[in-house]
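# Chains, contacts and geometry: an overview
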Amino acid sequence: MIQIQISKPESRELWMWFPDIHFPEHDEEALEVAKAAHRLLKPEYTGFLGDVLDCEVFSAHRRKLIQEYQARDYAELEIKPCNKLMDQVAKNTRFTYYLEGNHEQRIERWATNNGKVGVSIYPLISPYQTIAKGRKNFKMIPFEIPSGNRRGYVQVVKPTKKMLTGGLVAVHGWSFAKHAAYVHLEKSRSQSVLFGHCHRAQTIVTRDPWSGHLIKSFCPGTLSKLQPLYAHGGAPTDWSHGFTLIEVVDDSWNEYNISIVKGRCILPNGKEVKII
Ligand SMILES: [Fe+2]
Ligand SMILES: [Fe+2]
């Protein structure tokens, strides 16, 4: 006869991951809901999946709309709100990780494209200076390929033999493809991967036939506008709002991708957070 044992965990830690925000192209309501959930849950660890800043002024893309030429105050509309958000989050968490995205990397590319002058002023305008400098219990991670001594990722949960689901890493994103979760799974191979960048809520799971571990690849969506100015062509996007909770219990973990729809979400503890 099959018998069941139910035991209490020895340790339990919660992570909350905010996907792409793209200040000032953020969705105000969705971001407020995510912030309220963060205040309520007070996760031990907090992560930002990158593209927190849009960095449009540093973009190499040609503008197609007159609206895009209107002055954008980078300091006022991106740096200030981002620092305010980092301050607010720090009050309710032990440690914050900030993964740079390809949008933050626009600043370095702009600097290198502007020769010696650009490169020499880069240390003054890089997010390491404008966002990360002076922060305690905070780490900014460069947008890099995770190979050799380059570490463009956060090891959220280390792999162990005993765990159910293998190790978990968080990256900004390696693909914008329609089936981005599948592409990330293929590229990651042995570890589960949480990613942003594609702005679509997507999850895919496979099983390693040798270890029996499940390998998961998932994106919670975005906290940016769902139809931003830069999505040219007039075609609707299939982006959606959300954030990810990772509950690490003893030697394993579960992911909860929380959807935010029309300024409302339901947390795993059953609490509803909504804009009134
Ligand atoms: Fe993004
Ligand atoms: Fe991105």
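This section reports on the structure supplied with the text.

### Side note on the coordination of the iron ion (ligand 1)
Looking at the iron ion (ligand 1), one finds its protein donor set to be Asp20 (OD), His22 (NE2), Asp51 (OD) and His199 (NE2), positioned 2.1 to 2.3 Å from the metal centre. With 4 donor atoms in place around the iron ion (ligand 1) and angles of 88 to 174° between them, the coordination shape is irregular. Counting the intervening residues between successive donors of the iron ion (ligand 1) yields the motif D-x1-H-x28-D-x147-H. In this structure, the iron ion (ligand 1) lies 3.4 Å from the iron ion (ligand 2), and both are coordinated by Asp51. Of this pair, His22 sits in the loop between strand S1 (12-18) and helix H1 (28-41) while Asp51 sits in the loop between strand S2 (45-48) and helix H2 (74-90), placing them 29 residues apart in sequence.

### Focus: the coordination of the iron ion (ligand 2)
Within the protein, the atoms that donate to the iron ion (ligand 2) are Asp51 (OD), Asn102 (OD1), His172 (NE2) and His197 (ND1), at distances of 2.1 to 2.2 Å. Coordination at the iron ion (ligand 2) is irregular: its 4 donor atoms span angles of 85 to 156° at the metal. Mapped onto the polypeptide sequence, the residues donating to the iron ion (ligand 2) form the spacing pattern D-x50-N-x69-H-x24-H.

### Comments concerning the sheet that holds S1
Spatial ordering of the open sheet is given by S4-S3-S2-S1-S10-S11, a layout of 6 strands whose pairing is mixed. Two strands in the sheet have a free side with no partner beyond their single neighbour: strand S4 (138-141) and strand S11 (252-260). Adjacent strand axes in the sheet meet at a mean angle of 20°, parallel and antiparallel pairs treated alike. Of the pairings in the sheet, the one linking strand S3 (residues 95-99) to S4 comprises 4 bridges and is parallel in character. Its bridge partner being in S4, Thr96 is matched across the sheet by Phe138. The strands that H2 touches are S1, S2, S3 and S4; relative to S2, the one it contacts most, it runs at about 160°.

Cut-offs applied
- Residue numbers run consecutively from 1 along every chain, following the written order of its sequence.
- Chain labels run from A onward and ligand labels from 1 onward, assigned in the order the entries are written.
- Side-chain atom pairs in this predicted model are given and counted only at pLDDT of 80 or more, local residue features only at pLDDT of at least 70, and totals for whole chains, interfaces and linings cover all residues.
- Hydrogens and water are ignored here; the side-chain numbers use all heavy atoms of the structure.
- The donor set covers N, O and S atoms within 2.8 Å of the metal, switching to 3.2 Å for Na, K and Ca, and it leaves out water, so a site may look short of donors.
- For a four-donor site, all angles between 85 and 135 degrees give tetrahedral; for four or six donors, opposite pairs above 155 degrees with the remaining angles between 65 and 115 give square planar or octahedral; all remaining cases count as irregular.
- Numbering goes from the N terminus for both helices and strands, where a helix is a DSSP run of H or I of at least four residues and a strand is a run of E of at least two.
- Any two strands between which DSSP finds at least two bridges are classified as paired.
- In this analysis an axis means a line fitted to C-alpha atoms, helices contributing only their contacting stretch, and an angle means the value between N-to-C directions, from 0 to 180 degrees.
- Contacts between residues were defined by any pair of non-hydrogen atoms, one from each residue, lying within 4.5 Å.

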